[in-house]
2 protein chains.
Amino acid sequence: MTNATDLPAPGFSCGLDATLRVIAGKWKPLIIYFLVQGPNRYGALKRAVRGVSDKMLIQQLKELEADGIITRHDYQEVPPRVDYTLTPLGRSLAIALAPLCEWGSANMAAVTHLLEERARWQATPPAHATAGG
Amino acid sequence: MTNATDLPAPGFSCGLDATLRVIAGKWKPLIIYFLVQGPNRYGALKRAVRGVSDKMLIQQLKELEADGIITRHDYQEVPPRVDYTLTPLGRSLAIALAPLCEWGSANMAAVTHLLEERARWQATPPAHATAGG
DNA sequence: ACAAGTATGAACCTTTTGGTAAGTACCTCT
DNA sequence: AGAGGTACTTACCAAAAGGTTCATACTTGT
């Protein structure tokens, strides 16, 4: 369980905290989770992770590789061909991400709705009530 | 499963993408996961989520409340007493976070190590090899 | 010849995120 | 009276995250 009342390691609130350090970033969880399907080329990743820019994708891929989550295979061909695969560590992480994916699918309507709400009060002048304190 | 090749909703790559919109932010997953224990006061949260500042904690708490993930209960007492509880939606999300927590606990040594590695090549001059292209 | 695809690098700039420091209103303890 | 605790708010500032654009070196399709 590891709740935040017992502190296992010097830097972490709990196991979740540790995990978050690894997958922090807008795209990393998506990249990792997409790779559970098997090795994928750069282009495939780019199309799968919608909205990601080249810069970001490359950057996060490099970080994931440096972190031992994925492996990069360069075929040394021309035109370039490269693919990315999860390491065993990466695979275990991807599996741990699955429930979040399911949660998102199950609650997609709710999420869509709350995202619209957010957009709404970002557009309106933030009329803040006088705080009770 | 919902992999990114089939796109269920206009804005999302997959369910995971949806989830990430909700829990984006350095502290939200930690807050949510800590609250599975039951209602907690602001101060307790602050102590649990180590390193969080007042500003951030309050801010994320407000967002989570606006998103329907948590509920705020103000006892209207003085000195102030307030506690935060997960909504059913929040609780289901917290449950989906559990595997990540376990992953972090199980792989804490690896995570600690890779974090040290990161720190290392942040300190050193990034001697980049000449790109093959 | 020209456009497009392939996987990246680099420079530049904007937006978002997060931290610090100070303040509020009232209470209790010393 | 002064310090410390409670749950916040606000203003200001630094850093990180992320986006855009241009460029590479070569191939294939038209």
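All values reported here derive from a predicted model rather than from experimental measurement.

The next subject is the protein's contact with DNA strand D. In the region of DNA strand D, 25 residues are neighbours, and K26 of chain A together with G43, P79, P80 and V82 of chain B sit closest. Looking at the surface near DNA strand D, the elements with two or more residues in it are helix 4 (54-66) of chain A together with helix 3 (42-48) and helix 4 (54-66) of chain B. Among the residues forming the surface near DNA strand D, the class breakdown is 11 nonpolar, 7 polar and 7 charged.

Below, the discussion takes up the sheet that holds strand 1 (residues 40-41) of chain B. Residue and element names in this part refer to chain B. Strand order in the open sheet formed by 3 strands is 1-3-2, and the pairing between neighbours is antiparallel. A single partner strand is all that each edge strand has here, and the edge strands are strand 1 and strand 2 (70-74). In this sheet, strand 3 (residues 82-86) lies alongside strand 1 in antiparallel orientation, the contact comprising 2 bridges. The residue bridging R41 from the neighbouring strand is D83, located in strand 3. Its contacts with the sheet place helix 4 against strand 2 and strand 3, and it is angled at close to 115 degrees to strand 2.

Moving on, we get to the packing of helix 5 (residues 88-106) of chain A against helix 1 (residues 15-23) of chain B. In a packed pair of helices, the relevant descriptors are the angle between the two axes and the axis-to-axis distance. Between helix 5 of chain A and helix 1 of chain B, the shortest axis-to-axis distance is 6 Å and the interhelical angle comes to 90 degrees. The orientation of helix 5 of chain A with respect to helix 1 of chain B, classified from their angle, is roughly perpendicular. For the pair formed by helix 5 of chain A and helix 1 of chain B, the contact residues are L97, L100, C101, E102, W103, G104 and S105 of chain A on the first element and G15, L16, D17, A18 and T19 of chain B on the second. When the residues that make up the contact of helix 5 of chain A with helix 1 of chain B are grouped by side-chain class, the tally is 6 nonpolar, 4 polar and 2 charged.

As a further point, take the UniProt feature "domain: HTH hxlR-type" (unreviewed entry) in chain A. Here, the residues flagged by UniProt with the feature "domain: HTH hxlR-type" (unreviewed entry) are residues 14-112 of chain A. As annotated, residues 14-112 of chain A comprises 61% helix and 12% strand, and the C-alpha atoms at either end are separated by 30 Å.

Rotating chain A by 180 degrees about the axis while translating it 0.0 Å along that axis superimposes it on chain B, leaving an RMSD of 0.1 Å. Those values place the two copies in the arrangement expected of a two-fold rotation axis. Interface overlap between copies: 94% of the residues of chain A at the interface are likewise at the interface in chain B, consistent with a symmetric, same-surface contact.

Right, let's get into the nonpolar core. By size, the foremost hydrophobic cluster in this structure holds 64 residues, and its most contacted members are I31, I32 and L97 of chain A together with I31, I32 and L97 of chain B. With near-sequence residues (within four places) excluded, I32 of chain B lies in contact with I23, I69, G90, L93, A94 and L97 of chain B.

We now examine the protein's contact with DNA strand C. Around DNA strand C, the structure places 25 residues, and the nearest of them are G43, D54 and P80 of chain A together with K26 and S53 of chain B. Secondary structure elements with two or more residues in the surface near DNA strand C: helix 3 (42-48) and helix 4 of chain A together with helix 4 of chain B. Grouping the constituent residues of the surface near DNA strand C by class yields 11 nonpolar, 7 polar and 7 charged.

All names here are of chain A. Mapped onto the secondary structure, G38 falls in the loop between helix 2 (28-34) and strand 1 (40-41). Look at G38 and you get exposed, because 8 C-beta atoms sit within 10 Å. Once the C-alpha coordinates of G38 and V49 are considered, the two residues, 11 residues apart in sequence, prove to be 15 Å apart.

Parameters at a glance
Residues numbered from 1 in each chain as written. Chains lettered and ligands numbered in written order. Predicted model: local features only at pLDDT ≥ 70, side-chain atom pairs only at ≥ 80, totals over all residues. Near = placed C-beta within 6 Å. Helix = DSSP H or I, 4+ residues; strand = E, 2+ residues; numbered from the N terminus. Nonpolar A, V, L, I, M, F, W, Y, C, P; charged D, E, K, R; others polar. Pairing = 2+ DSSP bridges. Contact = placed C-beta atoms within 7 Å. Axes fitted to C-alpha atoms, helices over the stretch in contact; angles between N-to-C directions. Parallel < 35°, antiparallel > 145°, perpendicular 65-115°, else oblique. UniProt positions renumbered as here; feature names shortened; annotations may be inferred. Least-squares fit on C-alpha atoms with pLDDT ≥ 70 in both. Core = buried A, V, L, I, M, F, W, Y, C linked by C-beta atoms within 7 Å. Buried ≥ 20, exposed ≤ 12 C-beta atoms within 10 Å, placed from the backbone.

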